[in-house]
Protein chains: 2
Amino acid sequence: MSSDPLVIFTPSGKRGHFPVGTPILTAARQLGVDLDSVCGGRGICSKCQITPSYGEFPKHGVTVHDTALSEWNAVEERYDQKRGLPKGRRLGCQATVQGDVVIDVPPESQVHKQVVRKRAEVREITLDPTVHLTYVEVVEPDMHKPSGDLERLLQALRVATGENNIELDTHLLRPLQPILRKGNWTVTAAIHRGRDGATPRVIALWPGYFDGPVYGLAVDLGSTTIAGHLCNLSTGEVVASSGLMNPQIRFGEDLMSRVSYAMMNKGGDHEMTGAVRAGLNQLVTDIASEAGADKSQILDAVFVMNPVMHHLFLGIDPFELGQAPFALATSDALSLNATDIGLDIAPGTRAYILPCIAGHVGADAAGVALSEAPDRSEDLVLVVDVGTNAEILLGDRNGVQACSSPTGPAFEGAQISAGQRAAPGAIERVEIDPVTKEPRFRVIGVDLWSDEDGFDAAIGATGVTGICGSGIIEVIAEMRMAGIVDASGLIGSAEQTGTSRCFADGRTHSYRLWDGDADHGPITITNGDIRAIQMAKAALYSGARLLMDKRGVDTVDRVVLAGAFGAHISAKHAMVLGMIPDCPLDKVTSAGNAAGTGARIALLNRAARTQIETLVRKIEKVETAVEPRFQEHFVNASAMPNAVEPYPVLRSVLTLPEPSFNTGGSGEAAGGGRRRRRRG
Amino acid sequence: MSSDPLVIFTPSGKRGHFPVGTPILTAARQLGVDLDSVCGGRGICSKCQITPSYGEFPKHGVTVHDTALSEWNAVEERYDQKRGLPKGRRLGCQATVQGDVVIDVPPESQVHKQVVRKRAEVREITLDPTVHLTYVEVVEPDMHKPSGDLERLLQALRVATGENNIELDTHLLRPLQPILRKGNWTVTAAIHRGRDGATPRVIALWPGYFDGPVYGLAVDLGSTTIAGHLCNLSTGEVVASSGLMNPQIRFGEDLMSRVSYAMMNKGGDHEMTGAVRAGLNQLVTDIASEAGADKSQILDAVFVMNPVMHHLFLGIDPFELGQAPFALATSDALSLNATDIGLDIAPGTRAYILPCIAGHVGADAAGVALSEAPDRSEDLVLVVDVGTNAEILLGDRNGVQACSSPTGPAFEGAQISAGQRAAPGAIERVEIDPVTKEPRFRVIGVDLWSDEDGFDAAIGATGVTGICGSGIIEVIAEMRMAGIVDASGLIGSAEQTGTSRCFADGRTHSYRLWDGDADHGPITITNGDIRAIQMAKAALYSGARLLMDKRGVDTVDRVVLAGAFGAHISAKHAMVLGMIPDCPLDKVTSAGNAAGTGARIALLNRAARTQIETLVRKIEKVETAVEPRFQEHFVNASAMPNAVEPYPVLRSVLTLPEPSFNTGGSGEAAGGGRRRRRRG
């Protein structure tokens, strides 16, 4: 056994014997203990702070004496005076081993910290970004041994990192010489490491020691909204979030109309590429300003988006996505120079775009898959990202299937007579008394229900202006539960339903949800509104059902609703409508903007990129447009909840009345014609 | 022993047994025989033409029967009708082995052809450019197995090339889909392969089968002249050459004045970068037009240049090169995107820049080293690239030394009273009768000597306008041989020399070379002219002598004069002046634009890039500015040929009179003050 002192690190438990005088940082590196250091042990960065523990440690079988570490030295003294070293802390690069010692590495000194995610059910992200800072001292030029400043910088970086093939981004050739001289031959380099085996690349340089922060941008580039998070790459923390409308909206609300625009207008795709890039740069400006960050400190960017946005963003004509076989120009993940895609962040930054799953299932769905990890689920999970187009994933450890389904914009309030975007004044929650058939509701921006005292005063500012997507789901589901609408989607007459809120409205009936006031007219639910929602939800369900067919199952264990809209849907109401398959209500959860979360994971963890690339290759892709059973599922799913699915779990917790308001007239009940495929 | 037929390839001599029915191309590939194919054996490209030989081959021990190959087939028939197949030729991918056979691979069917160089003493270049064309058929998109068009293209290329990590240049993402469809899912890709281990990259695409030609550009970016050769990358042939004045000249004739311009004028280096890039693009336009080539078919570019041009071309401020320690921003070879350096050729092209040897010894000197290969010389060779600045290499198989020396522009006719650039009307050759001291001369553009009948009429168009660089060398050397000027550089009086062509001219004397005519005044050589040449040649010689000191030798085995100027210098006259060390006159050869040749070698042969990078690292660099003995050598070398070197070999073939015209006056003979360092 070695007579050298024993050094034990916590929490890792790694241990080893080291000669007296070995710096703790050196011991940690040799044992593979996760202890940070930017300056390579020069006592500058203070990233390697550790906490020695003294006394008896029966568990470890050691006694740590006061003299176990070298004495507090001048470097630590200076650092403490300048910036303050927390009590009990030492600098790992300065304190040396003198006797057996137990060393705790506090979380903030670990390179691979855990990043806290808000939801309890998802795993933590281990921080391991693609960009790291490294401080080095560079040998000064010597005319007797002439070599370029660059070559001496790279030599210093090779020694500091142990990597032999580091390159410098071309744009740094010019500033290199002034930076080295300004830093008096010391420099901090931001090194980008892409996939394993890729060449590490210096993408930014600062004179002397630079402490950061450096940032990364995670962007969900939606057809309607561009949402971005700015993350501190040292802590993983989101320091600012911002969103803006996709400026492409002026070329068409939904994606198919943008594809048409490109087809009908020469150079139209270029216009849209310019618009979305300009929007993105506006977002960068906004988010950097919110965080008080300099755009030149944004050194990584990760993007998720649907295939049409993907192509338009990259400057590719989306023409082929508008027709079978929906061929993507490229489906694999991409790592591109930020400057090549017109991104106004640090030049040299490599932008990473998650892989697309299929011609209709984009990098946004890959983001959802990365965030929700159906491939790691023990039970069978259905993940639905509800938007103008729904992306659907079904899977568990044994495999994952994916498809998209053209739900259309009804869930977002479009095509609904009183529909509107989620904004103050919009009805978002509805309850209908099954006996009296009287409704009550809440509007966005007001906490009171409409039958509570003070509601009229509270809505004074906004009024009641319409119904948003989650509100329309609730009101129709409530109407179904109250027997106002039948399974086929017909609203009953006042006579059939026993409430005067139902009234003849053309050839069908409508339900008056709100009587209106001096400023705003009444809000009614028409039979057309119900048709629109039936179409949308039937498309969504049919996609999910197709995946279940592929898998040979009739039920799923749980359902995850992703997307901003998914976050506001009530599980019960969605299930009453038959949007999602039957399953225990407490097994339906919301994941929020899972696509954006996926982008953030890929931003903060290099390995996650490989992971999603591998998963996407393995996912079984299902093209709903050509699946013969889609039409059959669609017709069945037009009924609420479904013409053939019994929904036993749902019916065990509530009773659905089963009136029939079909008077044998127009036969325009369930299903109807299949709409033109629509994307969004 | 195998009972399969024996296939013997000539000229390689490779042989092997192959089953009946094996295509000759397949046999060649398995044996590693150098047989070209772009289309991968589809009978499209015809690159794999071979010539079967029939009859008895005692040397190989085989008899080849008429039936040794399969019969002429429909593909060959079609190709022959369309384009004509030379008599006796077959397509290697169509003809299959039926019996023992001897197959000759004609030179044009070899991938690695030898490129003929004009000079006999240099080795051949083996053609192996970084860019090759590959034709593939791409699997069509299938919505049931969705993958991007790019991914299917890369898969086809992986199969065709056996390389697993091929990438597509970003700029091709957009045109990819239309190209694949236009070619009906066949495409020809230009693949660039950089250094070993670098990722192969598709840099250009054509629909269907594309036969080329594709081109590469080799450029010598001089301070005065930009010279380019356009080479066909399939044949190695130079298809066009062009040159133009470096537009940077308006910022300063010599390099130091350009460095000063950058220092004195904010943004001055940017202006000069813009100017040289614009000039280069003009050259590209000219040369492509001369060759009838499309700029988009220029798929490789190699550059050599001195360090200041190197930095200005790359957009780096040359400030540091203007002062000790003359630190280069980067010295290693560079491979850059052509678009990053503003080069208007095929986007996606990677431009290669040879490494710099030292702060004063640039990539142009590396080009000379690659072309003249002192490191492979059996005897000790001194290679001198004479320009405004001289780059000097000394070496053999045991090692190479390099330095530069500030010769100044005198060799180019500047600082000479009657000096002018080499152009029609300039005196380029001179002889002086040692007895009569009468001169005769030739001017550029006229074949007659000045004492021949018809000379006056022949010069009618241009007149005699001045003396160019090689002319000034000759006239001074002739004056020295005729005893008109003494070893210290003083011109004698009419009395001392016995010719009235010498006349008092201020405090010294001048020699009247030409009496002038009605249009042009007389041309005289002043003592100031001789001083200027003494300075220049002393600088050149001192550099060479320093390298000889480093090596511990007093003589060299041979001398190579590189550069356009070197091509016109007479070895004898240069040695009389003491520009170069003593050595047999037939051991002094001219290499022409060796720097440009080096660029062309690096363009045509990938391995040459590794070779010069390796050599440059091994070259011993000598910085003349700080070598204590430089000054001493300089003073000695101011004498003609030299104050201390005996020049025995030279004196064995001619007699140098040794008058002394120093009358004890001004003492302004040899040497004088060391001039300010000048670069060029």
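Residues numbered from 1 in each chain as written. Chains lettered and ligands numbered in written order. Predicted model: local features only at pLDDT ≥ 70, side-chain atom pairs only at ≥ 80, totals over all residues.

A.B. asks: Looking at this structure, how should I read the relation of the copies chain A and chain B?
C.D. replies: Each of the two chain copies can be brought onto the other by rotation about an axis and movement along it. Of the transformation placing chain A onto chain B, the axial shift is 0.0 Å and the rotation is 180°, giving an RMSD of 0.1 Å. When the rotation and shift are considered jointly, the pair of chain copies conforms to a two-fold rotation axis. Most of the interface of chain A is mirrored in chain B, where 100% of its interface residues again form contacts. (Least-squares fit on C-alpha atoms with pLDDT ≥ 70 in both. Contact = placed C-beta atoms within 7 Å.)

A.B. asks: Explain unusual backbone geometry here, please?
C.D. replies: Following G212(A), the chain continues into P213(A) via a peptide bond in cis, with omega recorded as 0°. Following T10(B), the chain continues to P11(B) via a peptide bond in cis, the omega torsion being 5°. One can find P11(B) in the loop between strand 1 (6-10) and strand 2 (15-17). Positive phi is not limited to glycine here, since F326(A) has a value of about 55°. In this structure, F326(A) sits in the loop between helix 7 (307-314) and strand 18 (334-337). We note that A373(A) has phi near 45°; this positive angle belongs to a residue other than glycine. Examined against the element boundaries, A373(A) turns out to sit in the loop between helix 8 (363-372) and strand 20 (381-385). Looking at A373(A), the number of C-beta atoms within 10 Å reads 21, which means it is buried. (Helix = DSSP H or I, 4+ residues; strand = E, 2+ residues; numbered from the N terminus. Buried ≥ 20, exposed ≤ 12 C-beta atoms within 10 Å, placed from the backbone.)

A.B. asks: Even after reading the chapter, I still don't get the pairing of strand 21 (residues 390-396) of chain B, so can you show me in this structure?
C.D. replies: Walk down a regular strand and you will see the side chains alternate between the two sheet faces. Residues and elements named next belong to chain B. In terms of burial, strand 21 is a largely internal element, 6 of the 7 residues being buried. For strand 21 and strand 22 (residues 399-405), the ladder comprises 7 bridges, and the chain directions are antiparallel. The residue of strand 22 that forms the bridge with L394 is Q401. In textbook terms, the turn of a hairpin is the stretch between consecutive antiparallel strands, and for strand 21 and strand 22 this stretch comprises 2 residues. (Pairing = 2+ DSSP bridges.)

A.B. asks: Sorry if this is basic, but what is going on with the sheet that holds strand 10 (residues 131-137) of chain B here?
C.D. replies: Strand pairs in the sheet, formed through backbone hydrogen bonds, run parallel or antiparallel to each other. Residue and element names in this part refer to chain B. With mixed pairing, the 4 strands of this open sheet are ordered in space as 10-12-13-11. Edge positions in the open sheet fall to strand 10 and strand 11 (167-168), since each of these has one partner strand only. Pairing of strand 12 (residues 186-192) with strand 13 (residues 201-207), which is carried by 6 bridges, proceeds in the antiparallel orientation. Each residue of the ladder has a partner; that of I191, found in strand 13, is V202. Contacting strand 10, strand 11 and strand 12, helix 3 (residues 149-161) runs over the sheet at an angle of about 110° to strand 10. Sitting on the sheet, helix 4 (residues 173-182) touches strand 11, strand 12 and strand 13, and the angle it makes with strand 13 is about 40°. (Axes fitted to C-alpha atoms, helices over the stretch in contact; angles between N-to-C directions.)

A.B. asks: Would you take a moment to explain helix 16 (residues 606-618) of chain A for this structure?
C.D. replies: The periodicity of an α-helix, 3.6 residues per turn, causes residues three or four positions apart to be oriented the same way. Residues and elements named next belong to chain A. Along its 13 residues, helix 16 runs 19 Å from first to last C-alpha, staying within 8% of the 18 Å computed at 1.5 Å per residue. Inspection of helix 16 places A608, R609, I612, L615 and V616 among the buried residues, and these make up the whole buried set. Looking straight down helix 16, one finds its buried side chains confined to an arc of 135°; they lie on one side. Residues of helix 16 that are exposed and point over 90 degrees away from its buried face: T614 and K618. For helix 16, the elements touching its buried residues are strand 19 (350-353), helix 8, strand 22 (399-405) and helix 15 (594-604). (Expected span 1.5 Å × (residues − 1). Arc of directions from axis to C-beta.)

A.B. asks: Looking at this structure, I do not really get the nonpolar core. What am I missing?
C.D. replies: One recurring pattern in soluble globular proteins: nonpolar side chains tend to sit buried together. Core analysis: the biggest nonpolar cluster contains 382 residues, and V384(A) and V384(B) have the highest contact counts within it. Residues in contact with V384(A), not counting those within four places in the same chain, are A390(A), I392(A), L540(A), A544(A), V559(A), L561(A), A562(A), G566(A) and I580(A). (Core = buried A, V, L, I, M, F, W, Y, C linked by C-beta atoms within 7 Å.)

A.B. asks: Would you take a moment to explain the domain arrangement of chain A for this structure?
C.D. replies: How big an interface is tends to be stated in terms of the accessible area lost upon association of its parts. All names here are of chain A. By the assigned domains, chain A splits into domain 1 (6-109), domain 2 (114-207), domain 3 (215-353), domain 4 (372-409 + 532-653) and domain 5 (418-525). Between domain 4 and domain 5, the C-alpha centre-to-centre distance is 28 Å. Listed by partner, the interface residues are 12 residues for domain 4 and 13 residues for domain 5. In terms of residue count, helix 14 (residues 571-577) provides more of the side of domain 4 that touches domain 5 than any other element does, 4 residues in total. Of the residues that constitute the side of domain 4 that touches domain 5, the class distribution is 8 nonpolar, 4 polar and no charged. (Domains from an automatic or database assignment. Nonpolar A, V, L, I, M, F, W, Y, C, P; charged D, E, K, R; others polar.)

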